[in-house]
Amino acid sequence: ALFTSHSPYVLEEFPHEEVVVLSRSSLGVLTQNSINLPPSIKLKRYRQDFRKNFSEGLLAPRVLVAEGATEASAFPVVCRRLEELNPAEYSSLEVLGISVVDAGGESNISAMASFYKTLDKQVFAICDKQTEDAKSKILAEVDELLMHEEKGFEDLVLNNSCSAALEGFANQLDWPQHLASKYPKPIAGEQVNKALREYFKNAKAESRVDDFLAQCSEDEFPVWLKESAKKLKQLCSMNAELESGTDT
């Protein structure tokens, strides 16, 4: 029996050796690729993370490999918000056909990108500042690397967002008790960055950076985030041949 499906629930029932990824270009050319896991992606991880981290990437024409959970969660929020504010300049990742994959750490970016590249996907990556060696390995596997110069995504946001926006966000928050006693309102000046740094980094799983970015105006975003969102839209428009859907 042969199945074609977009459902991760169907796909996960089959061993990866029995799955073939089919892609049809805008010119009508059909291609197929087998799923070959590189040594750095263990079969156990592929099975455990299939619905969360692999199924959408297999089905999407484009993949953005994010260094970690913060980037994977926050950057789609950025693009979605910017599209709401200025649709002529920006597009959400959903509109661009980009699936976001969490690499689970900087050491996994190049391997994850290589995995999707072998499936004829258009592959991008987003990460913090890397060593030259790590940067070279990633560049060899992606169509575009979005790498900022900060040590972490939270640093990118705190050091480059509009100070008035950060202050306004900090003062309207319902602070956790341990931070409320440490940083009594109203918070201003250097205290804003100190307080928000603790607030963001002590609760990554709660997407608190996302909450800030989701309410920013266009002018309040870090320039790097706006330029990256624009670049992705331009690159996807240039590669229209990959814009058609993908089946398995």
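Residues numbered from 1 in each chain as written. Predicted model: local features only at pLDDT ≥ 70, side-chain atom pairs only at ≥ 80, totals over all residues. Heavy atoms only, no water.

Undergrad: Looking at this model, I keep getting lost on empty space enclosed by the protein. Mind explaining?
TA: Left-over empty space is what a probe sized like a water molecule reveals as it rolls over the atoms. Evaluated as defined, the whole model comprises one cavity of 30 Å³ or more. Estimates place the volume of the largest cavity at around 30 Å³. In this structure, the largest cavity is lined by S40, I41, R45, N108, A111 and M112. Considered class by class, the residues forming the lining of the largest cavity number three nonpolar, two polar and one charged. (1 Å grid on protein atoms, 1.4 Å probe; cavity = no way out; pocket = protein on both sides within 12 Å on 5 of 7 lines; lining within 4 Å. Points joined across faces, edges and corners; volume = space filled by probe spheres on them. Nonpolar A, V, L, I, M, F, W, Y, C, P; charged D, E, K, R; others polar.)

Undergrad: Just checking my understanding: could you explain the packing of helix 7 (residues 153-160) against helix 10 (residues 190-201) for this structure?
TA: Helix-helix packing is characterised by the crossing angle of the two axes and by the distance between the axes. Between helix 7 and helix 10, the shortest axis-to-axis distance is 11 Å and the interhelical angle comes to 155°. For the element pair helix 7 / helix 10, the angle class is roughly antiparallel. For helix 7 against helix 10, the interelement crossing comes out right-handed. Contacts between helix 7 and helix 10 involve E154, D155, L158 and N159 from the former and N193, L196, R197, F200 and K201 from the latter. Residues of the contact of helix 7 with helix 10, tallied by class, amount to three nonpolar, two polar and four charged. (Axes fitted to C-alpha atoms, helices over the stretch in contact; angles between N-to-C directions. Helix = DSSP H or I, 4+ residues; strand = E, 2+ residues; numbered from the N terminus. Parallel < 35°, antiparallel > 145°, perpendicular 65-115°, else oblique. Left-handed = near helix turned anticlockwise from the far one by under 90°. Contact = heavy atoms within 4.5 Å.)

Undergrad: Just to check I follow, could you spell out the pairing of strand 5 (residues 122-127) for this structure?
TA: Side-chain direction in a regular strand flips from residue to residue, so the side chains alternate between the two faces of the sheet. The element strand 5 is largely enclosed, with a buried count of six among its six residues. Side chains of strand 5 alternate between two faces, with Q122, F124 and I126 and V123, A125 and C127 buried alike. Bridge analysis of strand 3 (residues 62-66) against strand 5 gives five bridges, and the strand direction is parallel. Considered in strand 5, the bridge of L64 is made with F124. The pairing of strand 5 with strand 6 (residues 144-147) spans four bridges and is parallel. If you follow F124 over to strand 6, its bridge partner there is E144. Once the chain exits strand 5 it traverses helix 6 (residues 132-139) before rejoining the sheet at strand 6, and the crossover so formed is right-handed. (Buried < 20%, exposed > 50% of the residue type's maximum accessible area, 1.4 Å probe, protein only. Pairing = 2+ DSSP bridges. Right-handed = clockwise from strand over helix to strand, strands pointing away.)

Undergrad: Whenever I open this one, the pairing of strand 3 confuses me. Can you help?
TA: The element strand 3 is extensively covered by neighbouring structure, given that five of its five residues are classed as buried. Residues R62, L64 and A66 line one face of strand 3 and the alternating positions V63 and V65 line the opposite face, and both faces are buried. Bridging between strand 3 and strand 4 (residues 98-102) involves five bridges; their strand directions are parallel. Within strand 4, the residue paired with V63 across the bridge is S99. Tracing the backbone out of strand 3, into helix 4 (residues 69-85) and back to the parallel element strand 4 gives a crossover that is right-handed.

Undergrad: Sorry, what's going on with helix 12 (residues 223-238) here?
TA: Counting along an α-helix, one turn takes 3.6 residues, and residues three or four places apart therefore face a common direction. The end-to-end C-alpha separation of helix 12 is 23 Å, in line with the 22 Å expected for 16 residues at 1.5 Å each. Listed as buried for helix 12 are W224, L225, K226, S228, A229, L232, K233, L235 and C236. (Expected span 1.5 Å × (residues − 1).)

Undergrad: Help me understand the environment of Y199 in this model?
TA: Among the secondary structure elements, Y199 is positioned in helix 10. C-alpha separation for the pair Y199 and S40, spaced 159 residues apart in sequence, amounts to 34 Å. Not counting chain neighbours up to four residues away, the residues in contact with Y199 comprise F169, L173, W175, P176, L179 and R208.

Undergrad: How should I be thinking about the sheet that holds strand 5 in this particular structure?
TA: Two orientations exist for strands paired in a sheet by backbone hydrogen bonds: parallel and antiparallel. Taken in spatial order, the four strands make up an open sheet running 4-3-5-6, and their pairing is parallel. In this open sheet, the two strands that pair with only one neighbour each are strand 4 and strand 6. Taken pair by pair, the neighbouring strands of this sheet meet at an average axis angle of 20°, ignoring direction. The sheet strands contacting helix 5 (residues 109-117) are strand 3, strand 4 and strand 5, and the helix crosses strand 5 at an angle near 165°.

Undergrad: Would you mind going over the pattern of salt bridges with me for this structure?
TA: Opposite charge on two side chains lets them pair, provided their charged atoms get close. Taken as a whole and judged by the stated rule, the model has 11 salt bridges. Between E89 and K230 there is a salt bridge whose closest N-O contact spans 4.0 Å. Note that E89 is positioned in the loop between helix 4 and strand 4 and K230 in helix 12, a separation of 141 residues in sequence. Overall, the relative accessible area of 37% leaves E89 in the partly exposed class. Residue K230 is classed as partly exposed on the basis of its relative accessible area of 28%. (Salt bridge = Lys/Arg side-chain N within 4 Å of Asp/Glu carboxyl O.)

The values reported here are purely geometric and, on their own, carry no functional implication.
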